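Architecture at a glance
Listed below are the residues making up each chain.
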Amino acid sequence: MSRTITTKSDGEFRIEVSSDRPVAGLNSETASEVVARALTDAGISDATVDPKMTVTQKDGGVTIVATGEKPNS
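Residues numbered from 1 in each chain as written. Predicted model: local features only at pLDDT ≥ 70, side-chain atom pairs only at ≥ 80, totals over all residues. Heavy atoms only, no water.

A separate point is the overall build of the protein chain. Along the protein chain, the regular secondary structure elements total one helix and five strands. Counting from the amino terminus, helix and strand elements in the protein chain follow one another as β-β-α-β-β-β. Over its C-alpha atoms the protein chain spans a radius of gyration of 12 Å, differing by no more than 12% from the 11 Å that the globule rule assigns to 73 residues. Considered along the principal axes of its C-alpha atoms, the protein chain spans approximately 40 × 20 × 20 Å. Counting every position in the protein chain, which comprises 73 residues, the buried fraction comes to 25%. (Helix = DSSP H or I, 4+ residues; strand = E, 2+ residues; numbered from the N terminus. Rg over C-alpha atoms; globule rule 2.2 N^0.38 Å. Buried < 20%, exposed > 50% of the residue type's maximum accessible area, 1.4 Å probe, protein only.)

Structure below.
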């Protein structure tokens, strides 16, 4: 899976996690876990993620897009 994280100076972020293959058992709970792991891997901890993420399955792959806010350091 690949990830792209875009952050703003005010701490808001947008994360996109995608795979070119289907993800078995993907649901809202596992999508949240995928986003949390991608944020942790990127060194972002204690972030608040909006639970209204978008999960799109297309061309045999999947894309998860979420937004949120990370605490100010």
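Having seen it, we continue.
This next bit is on helix α1 (residues 28–41). One full turn of an α-helix is made of 3.6 residues, so residues set three or four places apart face in the same direction. Its 14 residues place the ends of α1 20 Å apart at the C-alpha level, agreeing with the 20 Å of an ideal helix rising 1.5 Å per residue. Turning to α1, the residues buried within the fold contact β1 (2–7), β2 (12–19), β3 (48–49), β4 (54–58) and β5 (61–69). With a side-chain oxygen positioned 2.9 Å from the backbone nitrogen of Glu 29, the residue opening α1 is Asn 27. One or two positions beyond α1, positive phi appears at Gly 43, with a value near 85 degrees. (Expected span 1.5 Å × (residues − 1). Contact = heavy atoms within 4.5 Å. Polar contact = N/O pair within 3.5 Å; in protein donor to acceptor, adjacent residues only side chain to side chain.)

Attention shifts here to unusual backbone geometry. The backbone of Asp 46 shows a phi angle near 60 degrees, a positive value even though the residue is not glycine. Positionally, Asp 46 belongs in the loop between α1 and β3. Residue classification places Asp 46 among the exposed positions, given a relative accessible area of 67%. For Asp 59, which is not glycine, the phi torsion reads 50 degrees and is therefore positive. Summarising the element assignment, Asp 59 is placed in the loop between β4 and β5. You can call Asp 59 exposed: its relative accessible area is 74%.

Scanning the entire structure with this criterion turns up two salt bridges. Notably, a salt bridge pairs Arg 14 with Glu 16, separated by 3.4 Å at the nearest N-O pair. In this structure Arg 14 comes out as partly exposed when scored by relative accessible area, which is 38%. (Salt bridge = Lys/Arg side-chain N within 4 Å of Asp/Glu carboxyl O.)

A few words on the pairing of β1. Summarising the sheet, β1 and β2 pair through six bridges and their orientation is antiparallel. Bridged to Thr 4 within β2 is Glu 16. Counting the residues between successive antiparallel strands, the hairpin from β1 to β2 contains four residues, one of them, Gly 11, with a positive phi of roughly 95 degrees. (Pairing = 2+ DSSP bridges.)

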